Amino acid sequence: MENQDQNQKKPGTSSFLAIAVIGVLGVILVQNYLKKDQTPPPPPNPDVQSETLESGGEQFQFARLPDGNPGQITRIVTENLIVELSTRGARIARLYLKQHDLLTIPGHVIQRSNDPTGLANHALEVTRGNGMDFQLHAYWGGPRDEVGDPPLNAANFRLVHVKKDPDSGIVEVRYTLPVSLKGYKFELTKIYRFLPGENYFHQLTAFRNLEHREFRWGAEMYFKTFGDLGPQVGPGEDPAQYAYGRFYYYNDSLDILMNTAGGGGMSCGNPFSCNSRNEGEEYHTVQGADNSLELMGSKSRYFFAYDQFLGDNLNPVHTPDGLKDRNKEDESGKRRFTAFFKQFRLAASQDQSVDFGGPDRLMQADGSFVGADRGNRALILSQQKSRSDLLLIDNKVYVGPRNDDAHRFQNPALMAAEFGQAAPDEHARGVLYNSSFLRYFSTIRDGIVWLMRFLYQYVGNYGWVIIIIAVSFKLVTWPLNQIQARSMKKMSLLRPEMDRINEKYADNPQEKQKKVMELYKKHNINPMKGCLPMLIQMPIFIALYSAFSESIELWQSPFIFWIHDLSVPDTVGHLPYLNVAINILPLIMAASQLVQQRLTMVSVDQQQKTIMYMMPIMMLFFFWQIPSGVTLYWTVQNLIAIIWQLATNRFGRDDAAAVARS
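Residues numbered from 1 in each chain as written. Predicted model: local features only at pLDDT ≥ 70, side-chain atom pairs only at ≥ 80, totals over all residues. Heavy atoms only, no water.

1. Comments concerning the pattern of salt bridges
Put simply, the test is: Between Lys or Arg on one side and Asp or Glu on the other, a salt bridge is scored when a side-chain nitrogen of the former is within 4 Å of a carboxyl oxygen of the latter. We count a stretch as a helix when DSSP gives it H or I for four or more residues in a row; a strand needs E for two or more, and each element gets its number in order from the N terminus. When accessible area is computed with a 1.4 Å probe and restricted to protein chains, residues below 20% of their type maximum are described as buried, those above 50% as exposed, and intermediate ones as partly exposed.
In the structure shown here, the tally under the stated rule is 23 salt bridges. Between Asp67 and Arg88 there is a salt bridge, and its shortest N-O distance comes to 4.0 Å. One end of the pair, Asp67, is in the loop between strand E1 (49-51) and strand E2 (73-77); the other, Arg88, is in the loop between strand E3 (81-86) and strand E4 (91-98), and 21 residues separate them in sequence. You can call Asp67 exposed: its relative accessible area is 74%. Note that Asp133 is salt-bridged to Lys224, the shortest N-O span being 3.0 Å. On the criterion of sequence distance, the pair formed by Asp133 in the loop between strand E5 (123-125) and strand E6 (135-137) and Lys224 in strand E12 (residues 221-224) is long-range, its members being 91 residues apart.

Structure (structure tokens):
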């Protein structure tokens, strides 16, 4: 009789469970692997235009360094960052993230990078070798490619000072350069302040009119922040695995765009619409609500960086009015987007120097930081309010991992004194997770990541860590799973009576359902017990999925045999002529799912059987491009479930006796 025990279940229960699982997997697929966010997209705007490249006219005049001359390099090292700045363009030539308490960088990733600075400091260069510009440019396209490489990047800036305050720990690097444009003379100042223990730094760009006459450019003045965020794609790696993208908060809306391998930007502001931009045009313009570009940045799978523009609404000349964003893919990652200031003009010179504050202006006699009303941001704000003879771009810049802990201010008092803010920008948090749906499970996820790191210290391989977590999770949820397994077993013992009901009321579904419920009630069986354990465990599984798919710990982490990287699918080859990847783990997972479905299926209803047999196919589809670490976890869970169900079917004699007595 036990050979026939495994084909019945209450009509509706199996299909409900299947639909629930498919629904959750569907949400995960739509929100995470199409890289969408739940922030509504900006409404259609007639001021958003598509444009082709234009040629530059009059350009900045300045002292240049010869091609190939890297300029004087200044290296700043904090607890979190290593930054190499150059007098060539007064820009960041390279930026590294160091491993620290809130960021784990796998050792094998550092080894593969073969970067001397990274190897010596256990740090990873994250600007793809392009650095960060924070550079004005008069045009945005043309043969000079001003978006990818603004002409001022070749300027020979003078290093004014490198100053570290021993009390606050802030390091300031200041550069200056005389420039001219349209016969006007200007002073260009660039300042960087690096803060101890933070993934934030302060960047100031001041463009001051030295003439006693108003300067009217009559067009947009552009400001390039930086391009794509790394890491760089390695030999033979698929760029898609790094999920390169960019985002901006404009006119009270967060817009997230993913770079696509074939060209074209894909806007993912809404989880159910992903609008591809016109690939025939080079750039499109986002403008309409002046002075409303609050932040813009770049993201990758594990990191993100953004520039928040700190301006003054009473004198909006210092706040960008919009941006130009590139539609087409750029393999170098340099040509991405640039902010602009509309109808740019500056008043006649006030013949006064600019007070930018400084690292030595933040500490009080008692060793505490000054309040936000007396800090550096307050001083800069007073300049922005009173000065119209200069453009003063005040940038709060974050570069770091995509997690809440690193994104928080580690020293709120210092950050309030420097930036005038008590907490990070909430709008940027929309980029922290691959989807807003997964963000709800972030607390559980963070606990799982901590457990992964803890176990790795003893096991030394994240594949075995995943297996240990899978087995441990099954043991912890053993009582729930036993309820599920015993419920399935008890229902399977009712098969003969279920067969009679199905045959007798084949043409009357309502009466058949009624008789089935009476049968369950008679034998004191609750079919929902088979679904309840899975529903209770679903939030934990979603958090596990998020941890295994978004965790930097699994990046390039090998397991055994053909599984060389748990952060990507375990592809062993491609089908000839079709270019379809051959992934082994999803096939094993689907086979184990089919066996599990066969063991737990107790329904004789053909429609429900079809739904349940479709589950492995659906799972195969969902898991085909999912990281192999996630697939490994699910496969181990299936195998344990099969063993438990076989044991329950073999030794569940008490259930048979109980059904017989009732």
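From this point on, the discussion continues.
2. Brief notes about helix H6 (residues 412-419)
Basically, it comes down to this: In this description, contact between two residues means that some pair of their heavy atoms is separated by no more than 4.5 Å.
The buried fraction of H6 amounts to 6 of the 8 residues, a majority that puts the element mostly inside the structure. Among the residues of H6, those classed as buried are Leu414, Met415, Ala416, Ala417, Glu418 and Phe419. In the core, the buried residues of H6 are packed alongside strand E9 (184-194), strand E10 (200-209), helix H4 (376-386) and strand E23 (390-401). Gly420, located one to two residues past H6, shows a positive phi value of around 70°.

3. Quick notes on the side chain of Asn209
For clarity, the threshold we go by: Any pair of nitrogen or oxygen atoms within 3.5 Å is treated as a polar contact; in protein, a donor-acceptor pairing is required on top of that, and neighbouring residues in sequence qualify only through side-chain atoms on both sides.
With respect to the secondary-structure elements, Asn209 resides in strand E10. Residue classification places Asn209 among the buried positions, given a relative accessible area of 0%. At 3.0 Å, the side chain of Asn209 forms a polar contact with the backbone oxygen of Ala347. In this view, Asn209 contacts Tyr184, Lys185, Phe186, Glu214, Phe215, Leu346, Ala347, Ala348, Ser349 and Asp389; residues no more than four positions away in its chain are not counted.

4. As for the environment of Leu310
Looking at the element boundaries, Leu310 is found in the loop between strand E19 (303-309) and strand E20 (322-326). Judged by relative accessible area, which is 8%, Leu310 ranks as buried. Sequence separation of Leu310 and Phe419 is 109 residues, and the distance between their C-alpha atoms is 8.5 Å. Beyond its immediate chain neighbours, meaning those up to four positions away, Leu310 contacts Arg377, Gln384, Asp394, Lys396, Phe419 and Gln421.

5. What about the sheet that holds E5?
What counts here: Strand pairing is assigned whenever DSSP identifies at least 2 bridges connecting the two strands. Between the N-to-C directions of two axes lies an angle of 0 to 180 degrees, each axis being a line fitted to C-alpha atoms and, for a helix, fitted only over the stretch in contact.
Pairing within the open sheet is antiparallel, and its 4 strands lie in the order E2-E3-E4-E5. Strand pairing shows two members of the sheet lacking a second neighbour, E2 and E5, which therefore form its edges. Taken over all neighbouring pairs, the strand axes of this sheet differ in orientation by 20° on average, direction set aside. One ladder, built from 3 bridges, connects E4 with E5; its direction is antiparallel. Looking at E5, one finds that Lys98 is bridged to Ala123.

6. Looking at the nonpolar core
Here is a general trend for soluble globular proteins: nonpolar side chains tend to be buried in one another's company. Rules: Only buried Ala, Val, Leu, Ile, Met, Phe, Trp, Tyr and Cys residues count toward a nonpolar core, and they belong to the same one when joined by side-chain atoms within 4.5 Å.
Within the largest apolar cluster, 67 residues are counted, with the highest numbers of intra-cluster contacts made by Phe60, Leu95, Leu136, Phe201, Phe207, Phe303 and Val399. Core analysis: the second largest hydrophobic core is formed by 40 residues, Leu544, Tyr545, Phe622 and Ile640 among them.

7. Here we look at the confidence of the model for the protein
Convention followed: Within a predicted model, pLDDT stands for the predictor's per-residue confidence, ranging from 0 to 100.
Confidence along the protein averages 80 in pLDDT terms, with 78% of residues attaining 70 or more. Mean pLDDT values over the elements of the protein span from 38, in E1, up to 98, in E9. The low-confidence segment residues 1-17, where pLDDT is below 50, has 64 contacts with residues more than four positions distant or belonging to other chains. Here residues 30-55 scores under 50 on pLDDT; set against residues more than four positions off or in separate chains, the count is 101 contacts.

8. Observations regarding the side chain of Glu418
Relative to the assigned elements, Glu418 resides in helix H6. With relative accessibility at 0%, the residue Glu418 sits in the buried group. Dropping the residues within four chain positions of it, Glu418 is found in contact with Ile170, Arg193, Leu195, His202, Leu362, Asn376 and Arg377.

9. Structural notes on the packing of helix H8 (residues 442-459) against helix H9 (residues 462-476)
As a reminder of what qualifies: With respect to orientation, any angle under 35 degrees is reported as roughly parallel, any angle over 145 as roughly antiparallel, any angle of 65 to 115 as roughly perpendicular, and every other angle as oblique. Helix crossings fall into two classes, left-handed where the near helix is turned counterclockwise from the far one by less than a right angle and right-handed where it is turned clockwise.
Packing of H8 against H9 leaves a shortest axis separation of 9 Å and a crossing angle of 120°. With respect to H9, the element H8 is oriented oblique. Crossing geometry of H8 relative to H9 is assigned as right-handed. Between H8 and H9, the residues in contact are Leu451, Met452, Arg453, Leu455, Tyr456 and Val459 and Tyr462, Trp464, Val465, Ile468 and Ile469, respectively.

10. Notes on the environment of Leu475
Within the element layout of this structure, Leu475 appears in helix H9. Its relative accessible area of 54% is what places Leu475 among the exposed residues. Expressed as a C-alpha distance, the spacing of Leu475 and Ile640, which sit 165 residues apart in the sequence, is 9.8 Å.

11. Re the packing of aromatic side chains
Short version of the rule: Only centres within 6.5 Å qualify two rings of Phe, Tyr or Trp (six-membered ring in Trp) as a pair; their planes then separate them into stacked at under 30 degrees, edge-to-face at over 60, and tilted for everything else. Each ring is checked for a lysine NZ or an arginine CZ that lies within 6 Å of its centre and within 35 degrees of its normal; such an atom marks a charge sitting over the ring.
Going through the model one piece at a time under the given rule, you end up with 30 aromatic pairs. Ring centres of Phe215 and Trp217 lie 6.4 Å apart, and the angle between their planes is 15°; on these two criteria the pair is classed as stacked. The residues Phe215 and Trp217 share a single accessibility class, namely buried. Measuring from centroid to centroid gives 5.3 Å for Phe454 and Tyr458, while their planes differ by 65°, and the two rings are edge-to-face. A residue pair is termed a helical-turn pair when its members lie 3 or 4 positions apart in one helix, as Phe454 and Tyr458 do in helix H8 at 4 residues. Overall, the relative accessible area of 32% leaves Phe454 in the partly exposed class. The exposure class assigned to Tyr458 is exposed, which follows from its relative accessible area of 63%. Taken together, Phe60, Tyr139, Tyr184, Phe186, Phe207, Phe215, Trp217 and Phe344 form an aromatic cluster joined through their ring pairs. Looking at Lys190, its charged tip hangs above the ring of Phe157, at a distance of 5.8 Å from the centre. Over the ring of Tyr184 we find Arg213, and its NZ or CZ is 3.9 Å from the ring centre.

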